[in-house]
Every structure is written in structure tokens, then in C-alpha cells.
Amino acid sequence: MSSDEDANDYFEYEDDGFEDDEMDQEAPVKKDYDVAYNVKTLSQVIDMQKKAIANIQTVLELDASTAAILLRHFGWNSEKLQEQFFNDPSKALTDAGLSPPSSPSAHTSPLLPPTASSSTPPRITRSSKRVATPATTRSRSAVSIQTSFECPVCCIEYPAASLSTKTLALGCGHRFCRDCWVEYVVGKIRTDGESAKIQCMENGCHRIVKGSLIDQLVDPDTSQRYRKLLNEAFVSDTATLRWCPHPGCENVIECSQAPPRMLNQIVPTVTCGCGNELCFGCGFAASHRPVLCKLVKLWQKKCADDSETANWLQANTKECIKCQSTIEKNGGCNHMTCKKCKWEFCWVCMGPWSEHGTAWYQCNRYDEKSGMDARDSQAKSRASLERYLHYFNRWANHELSAKLDADFYKNTEKKMEAMQQSGNLSWIEVQFAKQAVDTVIRARITLKWSYCMAFYLKRNNQTELFEDNQRDLERAVENLGYLLEQNPEPDSISKLRADITNQSAYVQKRHDILMDDTLKGYLERRWEFSVDI
Amino acid sequence: MVLSISSRRLMKELKEIETKGTPPGIQLLKADDMETWIFLISVLGDETVYKGETFALKLKFEPGYPIDYPQVTFLSDDQYQPPLHPHVYSNGHICASILGSEWSPVLTALSICITIQSMLASCKKKERPPGNDRYVRSAPLNPKLTRWAYEDDTV
């Protein structure tokens, strides 16, 4: 999977020309499986764009709006842009929705002749010839306009004298009145949420409306919204950036070590400046370590689709042993006929009805061989459902505990106050309890995901080691949880405190072992999954 | 009275239709006001799967026209039925990119008709879009409220 091409792609991420910023705090790299990342504020993200634009402006000698449109077209990959631009500047420009460089129509030119008819607009020549013969283009735009102009959108007529103030055309020459431009651009920004890709109003014309023109056309409020949308597009177009998903946080995480192709061996959990964790790989708004992004997605989908249904099926149905249809018995006697395959059987013993004679309402044949075989095949089809429910119930249990975290903290705080009063301890001396709760909560999140992991692991020795670690952590957490629920008696406080502190350290240790071993296991290719990763 | 942009534009379009006429196979059935127009559309020639059929296309213009595209649906009543086409739902809703992301304010009522006519003309097999029943069950009255994904450029 790591071909040379992939490796090149990977390193390209790092060279976007805006990664060194003195203001960033480099997060310390702790483990092999951790990723290095920076937390950027919104203004730093804006600076990144400005820096990249300024760089292209200087190198390619273009104005800022043009440089920005080019960068957006090339997904903010400066190197690729420069390569393509030096190779064939007019192609790079026209591809991005701009005019070739030496043409005067590269700038908004109010003096181009009006388009005669909206149905047959003059098309821009998409070839390099236009660069080679700038004289023809110049002479075309130099024609002075004597006639009046009717805007093809609103059908209002403008006298020749007002053309330069009341109407305008982009480099493509498609002229419309200013009012229609304003309405169109405002609609695109406010209703459609478009920013970097607002095109000329002419049908089929891909000319991009430059940011500098948009600022001239729209009100300050819309302009601000436009800028905001541009920032959003910048972050989503840049592979090394991701918005913090937590409500109210405007930070952006920059990470060059977690491109999509690496996500089958790392789980790039990062901590945002707002204090919350997220996964850089998939944007999950919490840590889902030690499980790979792809498995998390599969698991969530499976749970959304199956859990409720599976629970109900488990409790209320049986499968027809002939065609495996799921059958619900909603009343009546035990003589069942499968609607699908017409197989007749007994609901109680699952054996063929033919052996039951006339015993319609009771079954005393539960131990007959045919009935046992039928139940056997039924058991097999249930096994996979039960296996899923085994892991799901444990996963859901920890998910539920997490929802009660707030109560857990509140109760612990009460106990801490009680200990301060009855045990004559200082505020600082009772903090051990809160730290222990922190430890329990973190460990439970890891345990929760460990059941998703286990569900997808193939059965082998490595998996057994994983489940040993999982079991050890589960037990340690249970013990610590039990200690935290004890009511501190005045004479036993010091012992309880020592027990909790010790157990807490032990949980931390078991937690680190499970996490370290699992995440290193990816790098060492120790895990085998029942699905493709 | 100052005319709204949409009325001024529609009046001009109407005048153009009156003076220049409509292309073959397209006929203006009703344009009593500047809100709702109905065109009759048929595909000419022998090569079409819709030979001999006529459909009624309803265009509903809002004040934002022509910056914003109109609501365009095929009539479905006692007299007219929507065509059996992979981009036309049985409730008359149409999935076409010009009636969405690729709308341009220079397009006209007539150019919409021409596009729809050519969409019908290029159809080789009469069938409903996949997922028609599911869509029709939950579809909003206004097709503009549906988010379309344009996947198929062949018809």
C-alpha cells in the first residue's frame, strides 16, 4: 500500500508554504502512534491563506484576487499550481476560470462591447493563441460603444453613456447590469452558500467572479459572510486542516501526519485549544481510540441499523429452519406454517409438525432428535446475532455510563466536602477523588471502544491478548468505581484515600497498557480484522 | 406603476414568443399572467420513444426570476401525464441540472422547454427514476425544495 507515488503524495502535504508560524504551539509528540499537530485560531487560518496568496502573487506576478482563484482551483497546492502555471500559463488560468495573462480583459473591463444577444454569447477562446496575439484582443476591446445596451437578465435598457458605471462584464465579455450582478452574487452567497466558485451569469460560462469585485458589489454584511465561506472552503479543501467540531469553537487543527492513506494504522486523536478531544482522521468529536476511523464508522452504522431491531428479533422471533425467514408468533397455536416456504413446524420444539399428530396445543416432543437438530440449526443462525449483541451491550453500557458523568462528578464532590469536614482534610488533600473520577471516565471511553474493536477482530492469539488486557482494565475500573462509591467514614478516610490513590494509579497503568499495545499493534500489523480496513 | 424585474423580463419573453413563434414541438398553451405558464411539449420524428405523445410543462415564476430559476413540473391530471423518463418522477418533478446548480439567469422559459424537449428526445428507454415511489411519497410540493444530485449525463 505504500507505493512510491503514495509517499510523494504524503510529503506534498507538508509543503504548502505556510506551515511555520511562530505563534503555533507544537504539541509534544509522546508516542510512536501519536501525531504532531498545531491548533490554529481563525485569524491564523486567514493569515495562512494570505501568506499563500502573497507567495503566489510574487512568484507568478499576479494580483491577489487572481492568485487566490488559482490557488483555490489547485486545492491550495502551491507547488502544483506553479508547475502547471510555468508549463502553460494560459491553460492554468482558463482552467481556473480566468483570462490569459497578457489579455487586457483579465481585469474587469467595463468598456468591452455589449453582447448583442443572450442566446449567442461570444465565447472566450480557450487556447494559447490568445496569449500569442494580444494585439487582436486589444483592438476588439478598444472599439468604442455608441449603442445603448439592454441587460439580458432584467431587460432594462442602459444608454451608452452609462455603460461604464451601470453595467459590467468579467473577462469573458458577458455584460449585465450592475443591479442584476448584485442580486445574483448576493443570492449565491446568502442563499446557496457559494464562495470560491461563483461563476459568470451567462449560461455555460465558467468565468469566476473575483473576490475584489464581490467586495465592490455587495453590502458589508454579505461581504463578511463571503469571507467566512471562503475560510470554510479553504479548510475543507486543504487536506492538512480540519475544523474543531465542538460547538462554539472556531479553531482549526493542522496536521500533516494523518493523510487518509495512513488511517489504517493510526488513530490521530488530537486535543483542540478549546480543551476537547477530536479525531483528526474522521472529525469524530471525541477520542475513539484505540479503534480505527473506518471501524468506528462501520460500527456506528451497524448499531444505527441493527441494534433495536436485533434486540427485538432476539426476544420475539425464531427462524424457519428450512428457509431462514424470521418468524414472529403473534398468537394462535404452536402449529406454525412458514409463509414463505410453507414448512410446517412446532413453535416449541422447532421439530416438523408431521411428528406431532393431533397434539395441537402442547408439545411433549422437546427431546426428540428431529426437534433437537432443528433447534441446533436455529442456534447457529442466532449465534452471529448474539455475538453482535454481546459486544454491543458492553459498548452501550459504557456509553450510558458516560452520560451519567455529570452525576458522578457531583456525587464525588459531595463526598469530597464531607471528607474535608469530617476528616479534617484540606481542599488540596481531597483532590485525589476527583482525579480518580477523571481516570475512571477516561478508561471507560477506551473500554467502550475496545468492544467495537473486539467485535471486528478475528479470533486468534493476538485477539486473546487484547481481550486479556481489556478484561484487566475492566476489572480495575470496576474496583475503582466501587471504592469511589463508598461513603467515607471519619476513621477510615485515610485508608480509603490510600486505596483510591493506589487503585487509580493501577487503572491508569492498565489503561496505558491497553492503549499502547493496541495502537502499536497497528504499526506492527498484529491485528487481523473480519472486515477490510 | 414600475414593473418588477420578473414581470418585465417575462413580458419581453412573451413578446418574443408572439413575434418569433416557438420551435417545432413546443407550443405555448397558457400564459394568462406573469406567474404561471404552461407549454405543450412533444418530440418530433420517428426515432423517439414518445412518438405521438404530448406533455404539459408548467413553469411557475417567483419574484426572484430570472436570477432564480422557476418551479418546473410536468402536469399530472386527467388530460396530461408526465412522460415515463428516468429523470421524471411520477408526480411531475424533473431532475435536471439547469433547474438547479447550473441555472443561468440568461436562460428563458423557452430555453427550459428546449432543454426538456431534448432530454426527452435522447431517452432510449421509458422508465421511472430509481426510487420513484419513495421520492414521490415524501416529496415537497415545490420541486425547488428537493436537493437534487445530478448523476447521469446521458439523457
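Residues numbered from 1 in each chain as written. Chains lettered and ligands numbered in written order. Predicted model: local features only at pLDDT ≥ 70, side-chain atom pairs only at ≥ 80, totals over all residues.

So, about the overall build of chain A. Broken down by element type, chain A carries 17 helices and 13 strands. When each of the 533 residues of chain A is scored for burial, the buried share is 33%. For chain A, restricting intrachain contacts to residue pairs at least 6 apart in sequence, the fraction spanning at least 24 positions comes to 59%. (Helix = DSSP H or I, 4+ residues; strand = E, 2+ residues; numbered from the N terminus. Buried ≥ 20, exposed ≤ 12 C-beta atoms within 10 Å, placed from the backbone. Contact = placed C-beta atoms within 7 Å.)

With that settled, consider the overall build of chain B. Assigned secondary structure in chain B consists of three helices and four strands. In chain B, the succession of helices and strands from N to C terminus is α-β-β-β-β-α-α. For chain B, the proportion of contacts with a sequence separation of at least 24, taken over those separated by at least 6, is 54%.

This part takes up the sheet that holds strand β2 (residues 36-41) of chain B. Residues and elements named next belong to chain B. In space, the four strands of this open sheet follow the order β1-β2-β3-β4, with antiparallel pairing throughout. Both edges of this open sheet fall to β1 (26-30) and β4 (71-74), since each of them pairs with a single strand only. Across the sheet, the mean angle from the axis of one strand to that of its neighbour is 25°, orientation sign disregarded. For strand β3 (residues 55-60) and β4, the ladder comprises four bridges, and the chain directions are antiparallel. Within the sheet, the bridge partner assigned to K60 lies in β4 and is Q71. Seen against the sheet, helix α2 (residues 109-121) touches β1, β2, β3 and β4 and runs at an angle of roughly 35° to β2. (Pairing = 2+ DSSP bridges. Axes fitted to C-alpha atoms, helices over the stretch in contact; angles between N-to-C directions.)

In this assembly, twelve residues from chain A lie in contact with eleven residues from chain B. Counted by class, the side of chain A that touches chain B contains seven nonpolar, three polar and two charged residues. (Nonpolar A, V, L, I, M, F, W, Y, C, P; charged D, E, K, R; others polar.)

Another point: the packing of helix α15 (residues 431-456) of chain A against helix α16 (residues 461-485) of chain A. Angle between the axes and distance between the axes are the two parameters that describe a pair of packed helices. Residues and elements named next belong to chain A. Two elements in contact, α15 and α16, have axes whose closest approach is 10 Å; the angle formed by their N-to-C orientations is 150°. In terms of axis orientation, α15 runs roughly antiparallel to α16. Crossing angle aside, the handedness with which α15 passes α16 is left-handed. In this structure, α15 contributes A433, A436, V437, V440, A443, R444, L447, S450 and A454 to the contact, and α16 contributes F466, E467, Q470, L473, E474, V477, L480, G481 and L484. Tallied by class, the residues present in the contact of α15 with α16 amount to twelve nonpolar, three polar and three charged. (Parallel < 35°, antiparallel > 145°, perpendicular 65-115°, else oblique. Left-handed = near helix turned anticlockwise from the far one by under 90°.)

In this structure, the amide linkage connecting A:R289 to the following residue, A:P290, adopts the cis form with an omega of 5°. Assignment of secondary structure puts A:P290 in the loop between β9 (277-279) and α12 (293-316). Of the consecutive residues B:Y65 and B:P66, the connecting peptide bond is found in the cis state with omega at 5°. Phi is positive for A:W76, close to 65°, though the residue is something other than glycine. As for its position among the elements, A:W76 is in the loop between α3 (64-73) and α4 (78-87). Assessed through the 26 C-beta atoms surrounding it within 10 Å, A:W76 is described here as buried. Positive phi is not limited to glycine here, since A:R525 has a value of about 55°. By the secondary structure assignment, A:R525 is in the segment after α17 (493-523).

This brings us to the nonpolar core. By size, the foremost hydrophobic cluster in this structure holds 127 residues, and its most contacted members are A:L71, A:C452 and B:L57. Per element, the largest residue contribution to this core is 13 residues, and it comes from α15(A). If we skip the residues at most four places from it in the chain, B:L57 touches B:I38, B:F39, B:I41, B:V72, B:F74, B:C113 and B:I116. Within the second largest apolar cluster, six residues are counted, among which are A:C320, A:I321, A:C346 and A:M350. (Core = buried A, V, L, I, M, F, W, Y, C linked by C-beta atoms within 7 Å.)

Once that is clear, we can look at the packing of helix α2 (residues 42-60) of chain A against α4(A). Residues and elements named next belong to chain A. Remark: α2 packs on α4, axes separated minimally by 11 Å, with the N-to-C direction vectors making an angle of 20°. Compared by their axis directions, α2 and α4 come out roughly parallel. Handedness of the crossing formed by α2 with α4: right-handed. In contact with A52, N55, I56, V59 and L60 of α2, α4 contributes S78, L81, Q82 and F85. Among the residues forming the contact of α2 with α4, the class breakdown is six nonpolar, three polar and no charged.

Our focus in this paragraph is the environment of B:L59. Residue and element names in this part refer to chain B. On the secondary structure map, L59 appears in strand β3. Each C-alpha atom of the pair L59 and Y69 lies 9.6 Å from the other, and the pair is ten residues apart in sequence. Setting aside residues no more than four positions away along its own chain, L59 makes contact with W37, P70, V72, A109 and I112.

Let us look at the confidence of the model for chain B. Residues and elements named next belong to chain B. Of all residues in chain B, 95% attain a pLDDT of 70 or more, and the chain-wide mean is 90. Across chain B, the element-wise mean pLDDT spans from 86 in helix α3 (residues 132-138) up to 97 in β3. Scoring of the predicted complex yields 0.69 for pTM and 0.87 for ipTM. (pLDDT = per-residue confidence, 0-100.)

So, on to the sheet that holds strand β7 (residues 252-254) of chain A. All names here are of chain A. Pairing is antiparallel in the open sheet, where three strands are placed in the order β1-β7-β6. Only two strands of the sheet have a single partner each, and these edge strands are β1 (38-40) and β6 (241-243). For this sheet, the mean angle separating the axes of adjacent strands, direction not counted, is 30°. Pairing geometry for β1 and β7, over three bridges, is antiparallel. Of the residues in β7, the one forming a bridge with N38 is E254.

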